[in-house]
Amino acid sequence: MKITEIHVYQVDLPLAEGRYTWSDGRHVDVFDSTVVELVTDGELRGYGEVCPLGPFYLPAYGAGARAGIGELAHHIIGLDPTNLGQINGVMDTALLGHPYVKSAIDMACWDLLGKSAGKPVCDLLGGRQGESVELYRAISQRPADEMAQNVALYRDQGYRRFQLKVGGDAAADIARIRAASEVLVAGETLVADANTGWLVADAIRVVNAVADLDVYIEQPCISYEHSLTVRRQTRLPFILDENIDGLHALLAAYQDLAMDAINLKISKVGGLTKARLIRDLCVSLQIPMTIEDSWGGDIITSAIAHLAHSTPERFRFSSTDFNSYVTVRNAIGAPQRDNGHMKASSEPGLGVTPDFDNLGEAVAIYRE
Ligand code: MG
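From a predicted model like this one, the values you see are computed outputs, not experimental measurements.

Basis of the calculations
Residues numbered from 1 in each chain as written. Predicted model: local features only at pLDDT ≥ 70, side-chain atom pairs only at ≥ 80, totals over all residues. Heavy atoms only, no water. Donors = N, O, S within 2.8 Å, 3.2 Å for Na, K, Ca; no water. Helix = DSSP H or I, 4+ residues; strand = E, 2+ residues; numbered from the N terminus. Buried < 20%, exposed > 50% of the residue type's maximum accessible area, 1.4 Å probe, protein only. Lys, Arg positive; Asp, Glu negative; His and termini not counted. Salt bridge = Lys/Arg side-chain N within 4 Å of Asp/Glu carboxyl O. Contact = heavy atoms within 4.5 Å. Pairing = 2+ DSSP bridges. Right-handed = clockwise from strand over helix to strand, strands pointing away. Axes fitted to C-alpha atoms, helices over the stretch in contact; angles between N-to-C directions. Phe/Tyr/Trp six-rings, centres within 6.5 Å; stacked < 30°, edge-to-face > 60°. Lys NZ or Arg CZ within 6 Å of the ring centre and 35° of its normal. Domains from an automatic or database assignment. Buried area = accessible area lost by both parts, 1.4 Å probe. Polar contact = N/O pair within 3.5 Å; in protein donor to acceptor, adjacent residues only side chain to side chain. Nonpolar A, V, L, I, M, F, W, Y, C, P; charged D, E, K, R; others polar.

### Some details on the coordination of the magnesium ion
Link 1 in the chain: Of the protein atoms, only Asp193 (OD), Glu218 (OE) and Asp241 (OD) coordinate the magnesium ion, at distances of 2.1 to 2.3 Å.
Link 2 in the chain: Read N to C, the donor residues that coordinate the magnesium ion are spaced as D-x24-E-x22-D. Of the two residues, Asp193 sits in strand β9 (residues 189-193) while Glu218 sits in strand β10 (residues 216-218), which places them 25 residues apart along the sequence. Here Asp193 matches Glu218 in class, with each residue buried.

### A word on the side chain of Glu218
Link 1 in the chain: No salt bridge is formed by the buried Glu218; its nearest oppositely charged neighbour, Lys265, is found at 5.1 Å.
Link 2 in the chain: Not counting residues up to four positions away in its chain, the partners in contact with Glu218 are Gln163, Val191, Ala192, Asp193, Ala194, Asn195, Ile239, Asp241 and Asn263.

### With respect to the pairing of strand β8 (residues 161-165)
Link 1 in the chain: A large share of β8 lies buried, amounting to five of its five residues.
Link 2 in the chain: Of the two faces of β8, the one carrying Arg161, Gln163 and Lys165 and the one carrying Phe162 and Leu164 are both buried.
Link 3 in the chain: With four bridges joining them, strand β7 (residues 136-139) and β8 adopt parallel strand pairing. Paired with Ala138 across the strands is Gln163, a residue of β8.
Link 4 in the chain: A crossover links β7 with its parallel partner β8, the connecting element being helix α5 (residues 144-155), and its sense is right-handed.
Link 5 in the chain: Bridging between β8 and β9 involves five bridges; their strand directions are parallel. Counted as the bridge partner of Gln163 is Val191 from β9.

### Here we look at the pattern of salt bridges
Link 1 in the chain: The full count for this structure, using the stated rule, is 23 salt bridges.
Link 2 in the chain: In the salt-bridge network here, residues are joined through shared partners; they are Asp241, Lys265, Lys268 and Glu292.

### So, the sheet that holds strand β5 (residues 45-50)
Across a sheet, strands are paired by hydrogen bonds formed along the backbone, either parallel or antiparallel in direction.
Link 1 in the chain: Here four strands make up an open sheet; going across it, the order is β5-β4-β1-β18 and the pairing antiparallel. Each edge of the open sheet is held by one strand with a lone partner, namely β5 and β18 (364-367). Pairwise comparison of adjacent strand axes, ignoring direction, gives a mean angle of 20 degrees for this sheet.
Link 2 in the chain: Bridge analysis of strand β1 (residues 3-14) against strand β4 (residues 30-40) gives 11 bridges, and the strand direction is antiparallel. Paired with His7 across the two strands is Glu37, which belongs to β4.
Link 3 in the chain: Contacts from helix α1 (residues 62-76) reach β1, β4, β5 and β18 within the one sheet, and its direction differs from that of β4 by about 15 degrees.

### Focus on the environment of Gly270
Link 1 in the chain: By the element assignment, Gly270 lies in the loop between α10 (266-269) and α11 (272-285).
Link 2 in the chain: With residues near it in sequence (within four places) discarded, Gly270 still touches Asn88, Pro99, Lys102, Ser103 and Asp106.

### Digging into the packing of aromatic side chains
Link 1 in the chain: For the structure shown, the criterion picks out 12 aromatic pairs.
Link 2 in the chain: Ring centres of Trp22 and Tyr57 lie 6.4 Å apart, and the angle between their planes is 85 degrees; on these two criteria the pair is classed as edge-to-face. With Trp22 in the loop between β2 (20-21) and β3 (27-28) and Tyr57 in the loop between β5 and α1, this residue pair connects regions lying 35 residues apart in the sequence. For the pair shown, Trp22 and Tyr57 are each scored as buried.
Link 3 in the chain: Ring geometry for Tyr47 and Phe356: centres 6.4 Å apart, planes at 70 degrees, overall edge-to-face. Residue Tyr47 is found in strand β5, and its partner Phe356 is found in helix α13 (residues 356-359); the two are separated by 309 residues along the sequence.
Link 4 in the chain: Residue Phe356 is classed as partly exposed on the basis of its relative accessible area, which comes to 35%.
Link 5 in the chain: Taken together, the ring pairs connect Tyr20, Trp22, Phe31, Phe56, Tyr57, Trp295, Phe322 and Tyr325 into an aromatic cluster.
Link 6 in the chain: Note that Arg137 overlies the ring of Tyr325, its terminal NZ or CZ placed 3.6 Å from the centroid.
Link 7 in the chain: Lying across the ring of Phe317, Arg161 places its NZ or CZ 5.2 Å from the centre.

### Remarks on the sheet that holds β10
Link 1 in the chain: Strands sit in the order β7-β8-β9-β10-β11-β12-β13-β14 across an open sheet of eight strands; the sheet is parallel. Looking along the sheet, the strands with just one partner apiece sit at the ends: β7 and β14 (316-319). Each strand axis lies, on average, 25 degrees off the axis of its neighbour in the sheet, ignoring direction.
Link 2 in the chain: With four bridges connecting them, strand β12 (residues 261-265) and strand β13 (residues 289-292) associate as parallel partners. Counterpart to Lys265 in the pairing with β13 is Glu292.

### Observations regarding the domain arrangement of the chain
Link 1 in the chain: With domains assigned, the chain is organised as domain 1 (3-117 + 354-367) and domain 2 (123-351).
Link 2 in the chain: Relative placement of domain 1 and domain 2: their C-alpha centres are 22 Å apart.
Link 3 in the chain: Facing 44 residues of domain 1, the contacting portion of domain 2 comprises 47 residues.
Link 4 in the chain: Together domain 1 and domain 2 conceal approximately 3,700 Å² of surface at their shared face, both sides included; 60% is due to carbon and sulfur atoms.
Link 5 in the chain: Scanning the region where domain 1 abuts domain 2 turns up three salt bridges.
Link 6 in the chain: Across the pair Lys274 and Asp92 runs a salt bridge, and its minimum N-O distance is 2.6 Å.
Link 7 in the chain: Taken together, the links from domain 1 to domain 2 amount to 28 residue pairs in polar contact (both at pLDDT 80 or more).
Link 8 in the chain: When residues of the side of domain 1 that touches domain 2 are traced back to their parent elements, those giving at least two are β1, β2, β4, β5, α2 (84-94), α3 (99-117) and α13.
Link 9 in the chain: The residue inventory of the side of domain 1 that touches domain 2, partitioned by class, reads 24 nonpolar, eight polar and 12 charged.

Laid out in structure tokens, this is it:
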């Protein structure tokens, strides 16, 4: 099999809640998602998606994804999409860095590998483990009482894991964490994710003020060194996310005992191939993971489900179902949340069919 054409689609994904807000007042109302279609010389077509969390979360943005795919297109047309090692090697040689650009292409190649093998991607990523994948719900940053109400609202939808978006004013964040903690019931998990928004002193104030609570602290500061400083001054369990952007960062952080869990996002590390490598290493090192992506629609939600469902349950801290946060469907067949859980599709590949009514015409087509 070889890739003969690459079609690129752009789709807006409005947020059902209207606005998603996290640290420093950063917010997104409509997500700019990019879908890649790999056309082959046979019957099969493969699909992948990349959807940055706005242009100011990671070094990634929607138009950048599409420009980068254009940069890579002529390097990968003609290659065998099921040869993931070659595809990734060629992409890394042709374009230094820019992992998010490569993610949708790599994801589409996994879709083709699964379709050609007649197996769901989770079977090829290590094999399905357990009945289903437990989900968390991100609680957008709002006043403390509203965030506590939203915890209760999403509990009613089946979630038992909640990730509070903090990373604002320290006193306000302490109130947010306390208010949410008060409405928790037994068996629920609370994470306070600052998304790099605190200075060290802010973070120390917060972790000291909530030291009596059962809460995880995620990614307090923008630099690894500052986050490590906070880590060493708190006894609360600690997650790193933005700083763990690849294998080298993971190894350094492991050596420093810098975290108890990581957040593994598919596009942050360059696609399913590299995410699997980091996932497997985390399993070997006994580091639990939130397995997800920066954002996405149905295709990314499906890819998350395959990666998470093929991970040993003990090391799955949580995952999320981005397709339930947005109001536009970009594919049919993606996992649908059921009582706070989702399952990877049993169909070959990612198990999704693009919804071309919503994708519209391709914004770019590359050919041999
Ligand atoms: Mg995070």
